Amino acid sequence: MKDLSEIRCDIDAIDRQIVSLYVQRMGLAAEVAEYKIANHKNVYDKAREDDKLKTLAGLVPDEFLKQGVVELFEQIMSTSRKKQYQMLAEAGQIEPLGFRAIDALDAKDKRIVYQGVEGAYAQMAMQQFFGKECPGEAVATWRDAMEAIQSGYVDYAVLPIENSSAGIVAENYDLLMEYDVTIVGEQIIKIDHALLGVKGAKIEDITVVYSHPQALMQCADYLDDHAKMERKALKNTALAAQKVKEDGLKNQAAIAGIHNAGIYDLDVLDQAIQDNKENETRFIIVAKDKTYLQSADKVSLCFALPDDEAGALYRIMSHFIFNGINLTRIESRPSKGGSWGYQFFIDFEGNLRQEAVVNALRGLKEETSSFRILGNYQSFAKGN
């Protein structure tokens, strides 16, 4: 029996052979890329790769080794494709992404909408992004905002997409899948919820509290401590303040931004009642035109995976790893078609003019069943 050192020497010798053969194989992959460049062919040929994996797995008798061979060659073929994408990019064979770079977003004489009524957090986000003098227009629902953009009635819409306490605004992720709009900016604002009642009301009078469902979630601990307060959801926090003012009942209160007290002539019964004192909401600014800032440093996209492909998400993620791209977020939402399909939403650092980004996006476009760039914009952390 060989001792351990002898076995390791044999392994080292085999590994060197594997590396030598791998280098040779990648050289042949480059030759394939040159052929595809000359003949304008796609890099990814799923049918051929599936047949090849089946053939290679059939060369070994053991089921465990079969799976190992499949995993090994999936990775080799994935790396080969990435090399080919890189060579196609260097040869200038890159499909236009359909986006136009601009120097700045111009809000002058532009129509901008937000969901809710005066005093809504979305209005606050709009004014922080475009300037306090920006009047904006209120619409009843987030879908109304998307329709206004899609129709060309307005130039920009401001929508909440994520809260640091309550998580994503799922409806707006779904709307991003449904409408052909572009994210051109983001704004993060601090969310301090206050309990607002009519003049003369006291906390002990309150039996009904109105607010947006997410605001009610963000203040769950406070409301649990005041068990007699019944929670009732409305479409907007500012709308809740407006309702309390219009109803004029001392047993009603609204959870909304403290600035709504002045707008709707209400008393502040309590303030900063959210569970997380560092509560923040991220808003996105969407437009119809596919533009992005020259200084943009964040890309958002969505895609769906081919059905019933084991390891498909892993292979897709490898495009980011191979190109040295840093992912900052990944979310999934059920596809509209049902059947347990999912759309994945990805945020990552980069600009659409960068070679690494272009290479990664080309690979994703070829290897996913659906793919769309949602926008390239300047991240809040660096831009505001």
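In this report, we go over the structure that sits alongside the text. (Residues numbered from 1 in each chain as written. Predicted model: local features only at pLDDT ≥ 70, side-chain atom pairs only at ≥ 80, totals over all residues. Heavy atoms only, no water.)

A few words now on the overall build of the chain. Looking only at helices and strands, the chain features 13 helices and 17 strands. Taken against the 2.2 N^0.38 rule, which gives 21 Å for 384 residues, the C-alpha radius of gyration of the chain at 27 Å runs more than 25% over that of a compact globule. Principal-axis analysis of the C-alpha atoms gives the chain an extent of 90 × 55 × 40 Å. Relative to its 384 residues, the chain shows a buried fraction of 47%. For the chain, long-range pairs separated by at least 24 residues make up 77% of all intrachain contacts whose partners lie at least 6 apart in sequence. (Helix = DSSP H or I, 4+ residues; strand = E, 2+ residues; numbered from the N terminus. Rg over C-alpha atoms; globule rule 2.2 N^0.38 Å. Buried < 20%, exposed > 50% of the residue type's maximum accessible area, 1.4 Å probe, protein only. Contact = heavy atoms within 4.5 Å.)

By convention here, two paired aromatic rings are described through the distance between centres and the angle between planes. Tallying each qualifying case throughout the model produces five aromatic pairs. Taking the centre distance of 5.2 Å and the plane angle of 40° together, the rings of Phe130 and Tyr156 count as tilted. One end of the pair, Phe130, is in helix H4 (residues 121-130); the other, Tyr156, is in strand E4 (residues 156-163), with 26 residues separating them in the sequence. Considered together, Phe130 and Tyr156 belong to a single accessibility category, that of buried residues. With a centroid separation of 4.9 Å and 85° between ring planes, the pair formed by Tyr173 and Phe345 is classed as edge-to-face. Of the two residues, Tyr173 sits in helix H6 (residues 170-178) while Phe345 sits in strand E16 (residues 342-349), which places them 172 residues apart along the sequence. (Phe/Tyr/Trp six-rings, centres within 6.5 Å; stacked < 30°, edge-to-face > 60°.)

Close contact between helix H11 (residues 312-322) and helix H12 (residues 355-367) brings their axes to 9 Å; oriented N to C, the two are set at 170°. By the criterion of interaxial angle, the relationship of H11 to H12 is roughly antiparallel. The handedness of the crossing between H11 and H12 comes out as right-handed. Contacts between H11 and H12 involve Ile316, His319 and Phe320 from the first element and Ala360, Gly363, Leu364 and Glu367 from the second. Here the residues of the contact of H11 with H12 sort into four nonpolar, two polar and one charged. (Axes fitted to C-alpha atoms, helices over the stretch in contact; angles between N-to-C directions. Parallel < 35°, antiparallel > 145°, perpendicular 65-115°, else oblique. Left-handed = near helix turned anticlockwise from the far one by under 90°. Nonpolar A, V, L, I, M, F, W, Y, C, P; charged D, E, K, R; others polar.)

Moving on, we come to the pattern of salt bridges. Using the criterion set out here, one finds 22 salt bridges in the structure. Across the pair Arg143 and Glu178 runs a salt bridge, and its minimum N-O distance is 2.7 Å. Remark: Glu178 occurs in helix H6 and Arg143 occurs in helix H5 (residues 142-151); sequence separation between them is 35 residues. A relative accessible area of 34% places Arg143 in the partly exposed class. Across the pair Lys298 and Glu186 runs a salt bridge, and its minimum N-O distance is 3.0 Å. Residue Lys298 is found in strand E14 (residues 298-304), and its partner Glu186 is found in strand E6 (residues 182-190); the two are separated by 112 residues along the sequence. Per residue, the accessibility class of Lys298 equals that of Glu186, and both read buried. Salt bridges sharing partners connect three or more residues here, namely Glu162, Glu186, Arg282, Lys298, Arg329, Glu331 and Asp347. (Salt bridge = Lys/Arg side-chain N within 4 Å of Asp/Glu carboxyl O.)

Attention shifts here to the sheet that holds strand E15 (residues 327-334). Strand order in the open sheet formed by four strands is E15-E16-E14-E17, with antiparallel pairing between adjacent strands. Here the strands that pair on one side only, and so sit at the sheet edges, are E15 and strand E17 (370-377). Neighbour to neighbour, the strand axes of the sheet diverge by 15° on average, direction disregarded. Sheet strands touched by H6: E15, E16 and E17. Its angle to E15, the strand with the most contacts, is close to 85°. Strand contacts of H12: E14, E16 and E17, with the helix running at about 155° to E17, the strand carrying the most contacts. (Pairing = 2+ DSSP bridges.)

Bringing the sheet that holds strand E9 (residues 230-233) into the picture now. Overall, mixed pairing links the five strands, which are arranged E9-E8-E10-E7-E11 in an open sheet. The two strands at the open ends of the sheet, each matched to only one other strand, are E9 and strand E11 (267-270). In this sheet, neighbouring strand axes are inclined to one another by 35° on average, regardless of whether the strands run parallel or antiparallel. Relative to strand E10 (residues 252-257), strand E8 (residues 208-211) runs parallel, the two sharing three bridges. Residue pairing for E10: Val209 is matched across the bridge by Ala253. Its contacts with the sheet place helix H9 (residues 237-247) against strand E7 (193-197), E8 and E10, and it is angled at close to 150° to E10.

This part is about H12. Counted at 1.5 Å a residue, the expected span for H12 with its 13 residues is 18 Å, and the 19 Å between its end C-alpha atoms agrees. Every buried residue of H12 is accounted for by Val357, Val358, Asn359, Ala360, Leu361, Arg362, Gly363, Leu364 and Glu367. In this structure, the buried residues of H12 make contact with helix H3 (63-90), E14, H11, E16 and E17. (Expected span 1.5 Å × (residues − 1).)

Now for the side chain of Asn163. Its place among the elements puts Asn163 in strand E4. Separated by 2.8 Å, the side chain of Asn163 and the backbone nitrogen of Ala166 make a polar contact. Side chain to side chain, Asn163 and Thr281 meet in a polar contact 2.8 Å long. Not counting chain neighbours up to four residues away, the residues in contact with Asn163 comprise Ile191, Gln214, Gln218, Asn279, Glu280 and Thr281. (Polar contact = N/O pair within 3.5 Å; in protein donor to acceptor, adjacent residues only side chain to side chain.)

Function cannot be inferred from these measures alone, as they are strictly geometric.
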